[in-house]
Protein chains: 4
Amino acid sequence: MASHEHRSLRYAYGFDDVAIAPGDVTLNPDQTDLSLKFGEITFNIPILAAAMDGVVDPGFAILFSKFGGLAVLNLEGVHSRYENPDEVLARIAAAPDQEVTPLLQKIYSAPLKEELVAKCIRRIKAAGATCAVSVTPASTKKLAPVIVEAGADILVVQSTVTTARHLSKSYRGLIFSELCSSVPIPVVVGNCVSYEAAYELMETGIAGLLVGVGPGAACTTREVLGVGVPQVTATMDVAAARDDYFRASGRYVSVITDGGMTHSGDICKAIAAGADGVMLGSIMAQAKEAPGHGYHWGMATPHPGLPRGTRVKVGISGSLEQILFGPSSVTGGTHNLVGAIRTGMGMCGAPTIRDMQKANLLIAPAIKTEGKVFQMRQQSGKS
Amino acid sequence: MASHEHRSLRYAYGFDDVAIAPGDVTLNPDQTDLSLKFGEITFNIPILAAAMDGVVDPGFAILFSKFGGLAVLNLEGVHSRYENPDEVLARIAAAPDQEVTPLLQKIYSAPLKEELVAKCIRRIKAAGATCAVSVTPASTKKLAPVIVEAGADILVVQSTVTTARHLSKSYRGLIFSELCSSVPIPVVVGNCVSYEAAYELMETGIAGLLVGVGPGAACTTREVLGVGVPQVTATMDVAAARDDYFRASGRYVSVITDGGMTHSGDICKAIAAGADGVMLGSIMAQAKEAPGHGYHWGMATPHPGLPRGTRVKVGISGSLEQILFGPSSVTGGTHNLVGAIRTGMGMCGAPTIRDMQKANLLIAPAIKTEGKVFQMRQQSGKS
Amino acid sequence: MASHEHRSLRYAYGFDDVAIAPGDVTLNPDQTDLSLKFGEITFNIPILAAAMDGVVDPGFAILFSKFGGLAVLNLEGVHSRYENPDEVLARIAAAPDQEVTPLLQKIYSAPLKEELVAKCIRRIKAAGATCAVSVTPASTKKLAPVIVEAGADILVVQSTVTTARHLSKSYRGLIFSELCSSVPIPVVVGNCVSYEAAYELMETGIAGLLVGVGPGAACTTREVLGVGVPQVTATMDVAAARDDYFRASGRYVSVITDGGMTHSGDICKAIAAGADGVMLGSIMAQAKEAPGHGYHWGMATPHPGLPRGTRVKVGISGSLEQILFGPSSVTGGTHNLVGAIRTGMGMCGAPTIRDMQKANLLIAPAIKTEGKVFQMRQQSGKS
Amino acid sequence: MASHEHRSLRYAYGFDDVAIAPGDVTLNPDQTDLSLKFGEITFNIPILAAAMDGVVDPGFAILFSKFGGLAVLNLEGVHSRYENPDEVLARIAAAPDQEVTPLLQKIYSAPLKEELVAKCIRRIKAAGATCAVSVTPASTKKLAPVIVEAGADILVVQSTVTTARHLSKSYRGLIFSELCSSVPIPVVVGNCVSYEAAYELMETGIAGLLVGVGPGAACTTREVLGVGVPQVTATMDVAAARDDYFRASGRYVSVITDGGMTHSGDICKAIAAGADGVMLGSIMAQAKEAPGHGYHWGMATPHPGLPRGTRVKVGISGSLEQILFGPSSVTGGTHNLVGAIRTGMGMCGAPTIRDMQKANLLIAPAIKTEGKVFQMRQQSGKS
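Here we summarise the structure given alongside this text. Quick caveat: nothing in here was measured; it's all calculated off a predicted structure.

Cut-offs and rules
Residues numbered from 1 in each chain as written. Chains lettered and ligands numbered in written order. Predicted model: local features only at pLDDT ≥ 70, side-chain atom pairs only at ≥ 80, totals over all residues. Contact = placed C-beta atoms within 7 Å. Helix = DSSP H or I, 4+ residues; strand = E, 2+ residues; numbered from the N terminus. Nonpolar A, V, L, I, M, F, W, Y, C, P; charged D, E, K, R; others polar. Pairing = 2+ DSSP bridges. Least-squares fit on C-alpha atoms with pLDDT ≥ 70 in both. Buried ≥ 20, exposed ≤ 12 C-beta atoms within 10 Å, placed from the backbone. Arc of directions from axis to C-beta. Axes fitted to C-alpha atoms, helices over the stretch in contact; angles between N-to-C directions. Parallel < 35°, antiparallel > 145°, perpendicular 65-115°, else oblique. Left-handed = near helix turned anticlockwise from the far one by under 90°.

Quick look at the interface of chain A and chain B
So, point 1. Each side of the interface is counted separately: chain A has 70 residues, and chain B has 55 residues.
So, point 2. Counting residues per element, the ones that place at least two in the side of chain A that touches chain B are strand S1 (10-11), helix H4 (97-107), strand S10 (165-167), helix H8 (195-203) and helix H9 (220-225) of chain A.
So, point 3. Counting residues per element, the side of chain A that touches chain B draws most heavily on H9 of chain A, at six residues.
So, point 4. Within the side of chain A that touches chain B, the residues separate by chemical class into 29 nonpolar, 30 polar and 11 charged.
So, point 5. Relative to strand S3 (residues 25-27) of chain B, S10 of chain A runs parallel, the two being bridged by three bridges. What sits directly across from His166 of chain A, in S3 of chain B, is Thr26 of chain B.

Thoughts on the relation of the copies chain D and chain B
So, point 1. At an RMSD of 0.0 Å, chain D and chain B line up after a rotation of 90° and a shift of 0.0 Å along the axis. With respect to symmetry, the two chain copies, as superposed, fit the operation of a four-fold axis.
So, point 2. Of all interface residues in chain D, a mere 2% are interface residues in chain B too; the two copies therefore contact each other through different surfaces.

A few points about the sheet that holds strand S1 (residues 10-11) of chain B
So, point 1. Across the sheet, three strands lie side by side as S1(B)-S17(D)-S2(D); this open sheet has mixed pairing. For this open sheet the edge positions go to S1 of chain B together with strand S2 (18-21) of chain D, each flanked by a neighbour on one side alone.
So, point 2. Sheet topology note: the S1 of chain B/strand S17 (residues 360-363) of chain D ladder contains two bridges and is parallel. Each residue of the ladder has a partner; that of Tyr11 of chain B, found in S17 of chain D, is Ile363 of chain D.

Focus: unusual backbone geometry
Residue and element names in this part refer to chain B.
So, point 1. With omega at 0°, the peptide bond leading from Gly190 into Asn191 counts as cis.
So, point 2. With respect to the helices and strands, Asn191 occurs in strand S11 (residues 187-192).
So, point 3. Note that the residue after Gly326, namely Pro327, is joined by a cis bond; omega there is 0°.
So, point 4. Among the secondary structure elements, Pro327 is positioned in the loop between helix H13 (320-325) and helix H14 (337-347).

Regarding the interface of chain D and chain B
So, point 1. Contacts between chain D and chain B engage 57 residues on the former and 70 residues on the latter.
So, point 2. Contributing elements (two or more residues each) for the side of chain D that touches chain B: S2, strand S3 (25-27), helix H8 (195-203), helix H10 (231-249), helix H11 (264-272), helix H14 (337-347), S17 and helix H16 (371-376) of chain D.
So, point 3. Residue contributions to the side of chain D that touches chain B peak at six residues, all from H11 of chain D.
So, point 4. Grouping the constituent residues of the side of chain D that touches chain B by class yields 26 nonpolar, 23 polar and eight charged.

Description of helix H4 (residues 97-107) of chain B
Residues and elements named next belong to chain B.
So, point 1. Among the residues of H4, those classed as buried are Val100, Thr101 and Leu104. Seen along its axis, H4 keeps its buried residues to an arc of 95°; they face one direction. Opposite its buried face, H4 presents the exposed residues Gln98, Glu99 and Lys106, each directed more than 90 degrees away.
So, point 2. Structurally, H4 contributes buried residues whose contacts are with helix H3 (85-94).

Notes on the sheet that holds strand S1 (residues 10-11) of chain D
So, point 1. One open sheet holds the three strands; their spatial order is S2(C)-S17(C)-S1(D), and the pairing between them is mixed. Whereas interior strands pair on both sides, the edge strands pair on one side only; in this sheet they are strand S2 (18-21) of chain C together with S1 of chain D.

Observations concerning the pairing of strand S17 (residues 360-363) of chain C
So, point 1. With four bridges joining them, S2 of chain C and S17 of chain C adopt antiparallel strand pairing. For Ala21 of chain C, the partnering residue across the bridge sits in S17 of chain C and is Asn360 of chain C.

Quick notes on the packing of helix H1 (residues 58-66) of chain D against helix H5 (residues 114-126) of chain D
Residue and element names in this part refer to chain D.
So, point 1. The geometry of H1 relative to H5 is characterised by a closest axis approach of 9 Å and an angle of 30° between their N-to-C directions. On the basis of the axis angle, H1 is roughly parallel to H5. Judged by the sense of rotation from one axis to the other, the crossing of H1 with H5 is right-handed. Between H1 and H5, the contacting residues are Pro58, Ala61 and Ile62 on the first element and Cys120, Arg123 and Ile124 on the second.
So, point 2. Looking at side-chain class alone, the contact of H1 with H5 contains five nonpolar, no polar and one charged residues.

Here it is, written out as structure tokens:
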């Protein structure tokens, strides 16, 4: 019996573990360019609204498009199951806490209706907005033709963990390379957290990649399954794959950090870690125009056998315009997200998102103890 | 006087310090095989119920066996000391907090009765269940013949720290190699946390090894004695010994992580750290069929001179079937443990427990601050 | 697709992460010399009061100068906008919490009046005090002549992040080398956190440098923008630039740690990290002579579009003299700051600030859990 | 301007950061030898009671000696200043929280009386107990003859930080080598935390060394002065000096970890870090025989200009005998300290304190969040 090598583990970092160091050159915020591309489609702001029923309905998608971002409509939620989704959403908002998980399990067991899928897409397009919709891998083959036919601009295929190689006995797995060559619109896929899985997915021809599996320190996927990678490390790894794939192929696949961001500072950190854009759930659910009535819930919440997450009360913090562009008299980083990104980029001397991806990230854990410490830690610097 | 080398200390990790990264291939959960073996006996699910009086009585052991797992009956508890253990258990559950430690000290000072030991085993066997029983090293020589005679299938010898070499003036220590050759059933030994101690114990001929000494960050063994090794590091080290011993001897000794797991995610992490199975106390004590009436307590709690731990109220969360297999409308990772293991293995592309032991573990501390942060950290991904 | 190098991140440390090891020689506290210089001006104590409207008004500046330190008057605050600043300050103190940010936004939108700028400076000088005033880079060119003309001794140019190279389309950036050669008084610039930015700023001819961007673990600049460097690391890096620049040029630029210090122990740590002095906001706002009526607020708080921070209630803990020199019957490190610095230096055997900068700093995180743990951790050592 | 080397900081560890791994051999607790020596004087248990007025008075010292340990009487406290110390102690216990620091400042400003010093020592000796007394370096030259004359067995010279080289203008520093050769009894000195300072002090001829400066994570010396070294690192460093000095000189100087221990587990960790014994304040103040009426306070608390620490309510947990030897029905590690040390040594297979100093220490932070997590983390192992 000899002595043995200890198995060594790698450190992974989340938003609360890091901070951005300012640059040696600074820049006026109004000189920054925040644009984001999927294939040939360009957006003025690098923000996506998450495909959650409490966040995006067709009306919200239209408004969000007007503001220069991209809201993704969930095509496996209430809008594709019910003729009257607003009434269903109101029931979810009104349910007492202890009854909400069974209620969600019941509501989401109603069948999907293809005609409702098409109707949602047509309504968004009729308003002149860019239309992105989201489906799971298992439904993609069935719904993709309907989606393309109805005129959607971007197809998002999303599950908790998505890889280019999924093994299943019960159905023939979705082949992303076949999907990308068969649909004429950009395909965005997620979620994914590693260099290797990201690289393989990019090789299938996708236009964008969503990063994030169990990102929060105490997220339920991590509690229930033990699975999860903190978002800063996940974003850095997937961004490294994007850059290597770009060098090898000449094709640029946009990387979107999805989940775990609660303040505008987290968005700046995601970009500094390598993201081209971010997908936001709870911050967007706080808009008065969001369909969730001040609540939101993840798509794993109503899982019939193994529900993960629950309905969360986020409240309503202001209009979508205030959340995106201010003006604000709120000081916690949930209003004027775009102004915060521009100001952060100015402090780092970064004129574009690609430049901000090279900002200096430090490991600097934020231990949030109590309100008093929080407030005492002001600095005398001026804006 | 020269400068000196600083004594350097090794880092050790617990469940809250790590997370599992998903794989580059994924797998449908229904394609996973969770089987566990001790010697020639195979179990369908890799879960043991802990040898604690609040968790396992003969009835619970029979039911647990029916579900494919293994419940271990403590043979030095109330069932071997009292003709009417149910009445004693009810008294423990009814005692006020401040009186419970002296009450436990008193109850556990009653003498062991060999005829009760045999009676318990025969009752379990009569129901057609697999019967595992647990004794301390000091009682093993006296009770082993009774246990074998009564027909038990597996003998567990367990104390806080067990080594192949125990030095004592007052009695001749238990020699595990003698025990293993003298009893005709598989012997499982614990607890143990280091490579060297584990390797030496495996060489004695045991069939299984329990891992865990003072595993929790704030466990009382650690408070009272300062002794304890976080479970992920302990499991990784003992698993390395198992693999090295298997390469050297061709004999596979199953490694069971025992203690410190509070959610199904912790079970997935234990397996990813190298465990073949897990032994659960508090989660199992929450079953409505558990004998503790919503309470449990460790076997060090009633120690007459140096009690460690106390009676803990865990409440009753559901039936044993729900806890093991769901369905569930509980979202915190205490129901449908088997479903969670299968889903976690699917995300890692691991068809067997042996494959899951090679999953990529990351250091990613979970700082659980407050309910609000917890809830805000949802992700938009779908199940 | 090859394996990739992980992008590696550097650790950064704040006050709560470190502790000072005592020296191998000790010194009587009364043998320590705490003096600080900007150009030819020497101060007996290495403490600056922050340029915040709740901390410094002309009366406070006069008193602070008498005690041997340097209070910096903010020339873009209420004293330069209102004839009756005391009445405005009283309104700020009286406003309910939820109304204070809009009120600050409104108050600070009133125009600056050059005659009030000059009046404040003259009042301080007339009392025989050393006068330091603070402006932002954008106002410097306009206000510098007025400031010099009125007789100020030190000019502080301060914004959240200041570099020698600021890029702007809308105005020609302030050139610090031009400023330093055109004004006949020492120029102190801030804030800055990196070696490179500090070195470049020193090359412009400045006399002092303020260190600190988003220093606190939970400071709002960090929440809103993600930008911030913990103060110990920032101070160590800027101090390294100061020492290298001094070796190269023969000119010594004093480095002042600004922000994030809540106890006298933090001041000692800043010096041990390399600071020549410290700038204090919240501790000084607790003086009964401070103009904030027990409140203070940062200069980024009233930002019209992206307010950061808020009005903080600090209360009044005693007179400025008690805060600086004691005597004290307060045990938490907010009184007798000068005595604490001297005692800390004595324990490290450091006769001067320059010697204290070489003290042995250790990484020793302070996890402040609960009052009880805090209080139980006394040591039996005598003073 | 070239790039620069970052100043690197060393990690330091406290009790909550580490855990002891059990050994590969185990031992019956009754086979352990806990003896401790200062010079030729041997003690059966390696525990000193701290020289604090709330902990040790002559009666307590006599009882403690009877139990085999060593209680140190503070000769600069109430017993040397007042004819009626019990009445003074009762006043301290009865004072409201907000008045206690000024009251302590006043009480401890009364003059020392040499006849009271001698009286205390004679009373302890008359009872047949071993007598250890404590003075500060500044009083040592004056009081040492009185102490020796009165018959004390051990002289402790203690201040917050003590070095062999103290620089002072106002008085000629105490020369420890002169002291050790002039007094005929063992001299124990403290406090000290570094290899170098410890080595130099050992060379002066002392018999014992107290380790600990600002040990607790949130101790006031650290808050007020920033100075402090976590106890595990401090003990490891001083123990390394002891071992090197022993190899070089053949003389063994006992190392006593002083402060920061709140549970018996911390005592085991101190020994595993290299201590020969421990000095306890708050745990001993909880004895019903302690003079503090359930309170204690450090000797830096009444400092007239810079008070550090405060009166702490510890309550009364049992008799001194129970605290030292049990039996116990308390499960938190504050009773049966000696039993816990023996049990911990047994788990590590360490027959003597010198063997236990070689136990395997791991870095395994204890994050104590909330009662619930604490209690759920029980393990099923038996005692």
